[in-house]
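Tertiary structure, described
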Amino acid sequence: MKKIVAIVGSNADRSTNRQLLKYIKDRYADQAQIELMEVKGLPIFEKTRNMEIPDQAKDMAKQIEEADGVIVATPEWDHSIPAILSSALAWLSYGIHPLMDKPVMITGASFGTLGTSRAQAQLRQLLDSPELQARIMPSSEFLLDHSLNAFNEDGKLLDESQSQRLDAIFNDFLIFIDAEGKLNHTYADDLRHRNEISVDYGTNDSGK
């Protein structure tokens, strides 16, 4: 059974993105072991002289490294992802690279009519950046609009067509995880090569 980490990209106490991920966890419990991960509580990212990383970020990185894949659910605020999610991704690319070559599926829930289309597009760009370089599943947007009214009292989606679309995307994600495992992990190899070069230059640093 696949092990998947599901990142709640919001620090809100009542988040429909958290609700969506809980629904995904319950709906596919017989296909994958899905554990929710919170970004809530992380400090805003800032570079430090000694590259100090918060313990929460280290714990997150360890869970991601041990997982077969990652699902990220993002809200959309002002046509972009929340600052807390951007900050979390920055911590997860600051001397640690748990998302590199990791299969990722993107989802999102929004109160409005457009779902999280712009936020998801931005998130794809961030995850494809040189220090993250995740393996993002293509053509797989799941956009949950009017999310405040999307669930019943049991936490299930009211719109069966949405559930069926999510079924198709999640099944594709399981296949994507298997397919990615057969690819050469060029991102990780490139990073190791860059780090070796950095070490070499650091050793011969003249202090300029």
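We now turn to the structure provided with this report. Given the structure is predicted, the values throughout are model-derived calculations rather than measurements. (Residues numbered from 1 in each chain as written. Predicted model: local features only at pLDDT ≥ 70, side-chain atom pairs only at ≥ 80, totals over all residues. Heavy atoms only, no water.)

Looking at the overall build of the chain
On a plain count of helices and strands, the chain comes out with six helices and six strands. The order of helices and strands in the chain, counted from the N terminus, is β-α-β-α-β-α-β-α-β-β-α-α. Taken over 208 residues, the chain has a buried fraction of 46%. Considering only intrachain contacts with a sequence separation of at least 6, the fraction spanning at least 24 residues in the chain is 79%. Total accessible area on the chain is roughly 11300 Å²; 48% of this is exposed by carbon and sulfur atoms. (Helix = DSSP H or I, 4+ residues; strand = E, 2+ residues; numbered from the N terminus. Buried < 20%, exposed > 50% of the residue type's maximum accessible area, 1.4 Å probe, protein only. Contact = heavy atoms within 4.5 Å. Areas by Shrake-Rupley, 256 points an atom, 1.4 Å probe, with all protein chains shown as cover.)

So, the pattern of salt bridges
This structure, assessed with the given rule, holds 10 salt bridges. The partner of Asp178 in a salt bridge is Lys2, and the shortest N-O contact between them spans 2.9 Å. Here Asp178 is found in helix H5 (residues 160-180), whereas its partner Lys2 is found in strand S1 (residues 2-8), with 176 residues between them in sequence. Classification of Lys2 as partly exposed rests on a relative accessible area of 22%. Glu38 is paired through a salt bridge with Arg18; the nearest N and O atoms lie 2.8 Å apart. Taken together, the residues Glu38 in strand S2 (residues 32-38) and Arg18 in helix H1 (residues 16-27) connect sequence positions 20 residues apart. Overall, the relative accessible area of 29% leaves Glu38 in the partly exposed class. (Salt bridge = Lys/Arg side-chain N within 4 Å of Asp/Glu carboxyl O.)

Regarding the side chain of Thr107
Assignment of secondary structure puts Thr107 in strand S4 (residues 103-109). Other than its neighbours up to four places away in sequence, Thr107 contacts Leu20, Leu21, Ile24, Ile71, Val72, Ala73, Thr74, Gln120 and Phe142.

A look at the side chain of Asn17
Within the fold, Asn17 resides in helix H1. A distance of 3.5 Å separates the side chain of Asn17 from the backbone nitrogen of Thr74, its partner in a polar contact. Contacts of Asn17, omitting those with residues within four sequence positions, involve Ala73, Thr74, Pro75, Gly108 and Ala109. (Polar contact = N/O pair within 3.5 Å; in protein donor to acceptor, adjacent residues only side chain to side chain.)

Let's talk about the nonpolar core
Core analysis: the largest hydrophobic core is formed by 31 residues, its most contacted members being Ile7, Ile64, Val70, Leu99, Val104, Leu123 and Leu127. Those elements giving two or more residues to this core turn out to be S1, helix H2 (55-66), strand S3 (69-73), helix H3 (83-91), S4 and helix H4 (117-127). Per-element tally for this core: the top contributor is H3, with five residues. Listed in part, the 27 residues of the second largest apolar core include Leu20, Leu21, Ala73 and Leu166. (Core = buried A, V, L, I, M, F, W, Y, C linked by side-chain atoms within 4.5 Å.)

A word on unusual backbone geometry
In this structure, Asp101 takes a positive phi of about 65° despite not being glycine. Relative to the helices and strands, Asp101 is located in the loop between H3 and S4. One non-glycine residue with positive phi stands out, namely Ser139, at about 50°. Locating Ser139 in the fold gives a position in the loop between strand S5 (135-136) and strand S6 (142-144).

What is shown is where atoms sit, not what they do.
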